[in-house]
Amino acid sequence: MTETTVSAPLAADGRIETAVQRMRRHQRLVLALRLAVLVVLIGGWEFGVRLGAIDPFFFGQPSGIVTKLIDWTENGTSIGPLWMQIWVTIYEAGAGFLIGSAMGILCGIALGRNQLLSDVFSIYIKVANSIPRVVLGSIFIVALGLGAASKIALAVVMVFFVVFANAFQGVREADKNLIANARILGASNWQMTRAVVLPSALSWILASLHVSFGFALVGAIVGEFLGAREGMGLLIATAQGSFDSNGVFAAMIVIAIVALLAEWILTVIENRLLTWRPDTTVNE
Amino acid sequence: MSAIASPSAVALKNVARRFVTPSGDVLSALEDFDLTIAPGEFMAVVGPTGCGKSTTLGLIAGLARPQGGEVTLFDAPVTGVDRRVGFVFQQDAVFPWRDVLGNVMAGPLFRGVPKDKAETEARDWITRVGLKGFEHHHPHQLSGGMRKRVALAQTFINNPQVLLMDEPFSALDVQTRELMQEELLQLWAQAKSAVLFVTHDLDEAILLADRVAVLTTRPARVKSVHTIDLPRPRDVATLRYDERFIAIARKISDDLREEVLRARAGH
């Protein structure tokens, strides 16, 4: 009897330990395979160029891209220092993102809470949403000039609809029981919006913010393509004009890093705001 | 026992509530519904599933309007959500993004009580429902029974004179349900509010209530009202084996079974 009671917990511990080990081994395997994929892709590209299978004039070359990035950071780009271009694009995308998402959240909640407003405006929003909005960039350049304002406007338009649609849906999906409970507890309309509707729409809104920062970057860069004096979009357009494919790829990498950083910041903010949610993700 | 001498906390007179279904038919949930609850009285309502028990509560709470008849609170017609009414829902209706303290404080804060006073009151209620030490837990970290305790504290802190309960313990396991019933009786004994307790569990209705109303199948009417003359305080754990309890249960259950069978035949 005593033997079994002593050995049982030991056996359980042993099992747990192997499970943890198995998980760790799996994680290491995934990491190694990911690195392998990267090495094969980049290495294949580089060797393809060296062996003459890929034309670097059209498709660039990894080592060339790295050289380009080093050159840009050390000597600046053809249109000014690299940091300046990055900053301009971040500023335009960031301002557009903030304004667009604030407008989207406000309109989404207003229309979600008010049946008449949503009945009247939903048709116009559907129409506006079906217009290819990038085309508006041309109008904005004409109307607002070559400065930051036209790019911010384009980024706002890109962001607004995504955030709006999610905020609206989030408000509509708010739990009817919670709303009834808050009303009986004594909440006024404004208190209801603040204490019940906004928190329940928050996970929807935050999900849309992840997607929409990418859209804001697209808006800013396309705006710079169409006409600008500085920014990453102009840098890409300039590289394209001088048939410098390494330059295009280098600018692309810089933009990707900016987007990943923004994504990371948004995730940190999201986790702060949604601490009340049960943990659904154990790792990653 | 004239109508003038005995004021009512809740009265429904000839109430009708009908819905229009998407296909255009009119569905009648309540017809000629009469029910009166005296101040401080514990009234339980039992009836076949889907007969319109929850609809009744919604009308008294002011969440919906009747198409006919009159609903009054302390002899004044219900025109909207009334501050004297508390409501405990069947499903979880505590705010998942607020901790226990924030949830219990919600009512007073909505009603304009200063924050520090609301917090003192809330801490007192949290202690009373046995959740001391869990003030900063979020609902998802609590068990179903504990979330129900939060809901009770959240409702009782507003000091309701009329307490509406919509099958509040139906989702709990048997042991937890018994504890919560006991707890509810204690809270009610202190609060002295009029209670309308909707349930499909006849035993629960008899254990808790002063009177039990049996509803007919849809459209719901009050079929019969039974006075439960079991002495208080009642011991929820042992009362159900008492001979008087069994006699009452047998009498009402005959009444109820008739309606359940009719409901089954009709659907």
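Everything numeric here is computed off the predicted structure, so don't read it as measured data.

**Quick notes on the overall build of chain B**
Helix and strand content of chain B: eight helices and ten strands. Relative to a compact globule of 267 residues, whose C-alpha radius of gyration would be 18 Å, chain B shows 19 Å and is just as compact. Each principal axis of the C-alpha distribution contributes one length, and for chain B these read about 50 × 45 × 45 Å. Out of the 267 residues belonging to chain B, those deemed buried represent 41%. Of all intrachain contacts in chain B linking residues separated by at least 6 positions in sequence, the fraction that spans at least 24 positions is 71%.

**Points about the pairing of strand E4 (residues 68-73) of chain B**
Residues and elements named next belong to chain B. Strand direction decides the pairing type here: strand E1 (residues 10-20) and E4, joined by five bridges, are antiparallel. Counted as the bridge partner of leucine 12 is valine 71 from E4. Sheet topology note: the E4/strand E5 (residues 76-77) ladder contains two bridges and is antiparallel. By the bridge assignment, leucine 73 is partnered in E5 with alanine 76.

**Thoughts on the interface of chain B and chain A**
In this complex, chain B contributes 21 residues to the contact, which on the side of chain A involves 14 residues. Counting only elements with at least two residues in the side of chain B that touches chain A, the list comes to strand E6 (85-88) and helix H2 (100-110) of chain B. Residue classes in the side of chain B that touches chain A are distributed as twelve nonpolar, seven polar and two charged.

**Focus on the packing of H2(B) against helix H3 (residues 115-128) of chain B**
Residues and elements named next belong to chain B. For the pair H2 and H3, the least separation of the axes is 9 Å and the interaxial angle reads 125°. Taken together, the axes of H2 and H3 lie oblique to each other. Of the two elements, H2 crosses H3, and the hand of that crossing is right-handed. Contacts from Val100, Leu101, Val104, Met105, Pro108 and Leu109 in H2 reach Lys115, Ala118, Glu119, Glu121, Ala122, Trp125 and Ile126 in H3.

**Concerning the packing of helix H7 (residues 148-172) of chain A against helix H9 (residues 189-226) of chain A**
All names here are of chain A. Viewed as axis vectors pointing N to C, H7 and H9 meet at an angle of 160°, and their least axial separation amounts to 7 Å. The angle between H7 and H9 falls in the class roughly antiparallel. The two elements H7 and H9 cross, and the hand of that crossing is right-handed. Of the residues assigned to the contact of H7 with H9, the class counts are 21 nonpolar, nine polar and two charged.

Rules used throughout
- Residues numbered from 1 in each chain as written.
- Chains lettered and ligands numbered in written order.
- Predicted model: local features only at pLDDT ≥ 70, side-chain atom pairs only at ≥ 80, totals over all residues.
- Helix = DSSP H or I, 4+ residues; strand = E, 2+ residues; numbered from the N terminus.
- Rg over C-alpha atoms; globule rule 2.2 N^0.38 Å.
- Buried ≥ 20, exposed ≤ 12 C-beta atoms within 10 Å, placed from the backbone.
- Contact = placed C-beta atoms within 7 Å.
- Pairing = 2+ DSSP bridges.
- Nonpolar A, V, L, I, M, F, W, Y, C, P; charged D, E, K, R; others polar.
- Axes fitted to C-alpha atoms, helices over the stretch in contact; angles between N-to-C directions.
- Parallel < 35°, antiparallel > 145°, perpendicular 65-115°, else oblique.
- Left-handed = near helix turned anticlockwise from the far one by under 90°.

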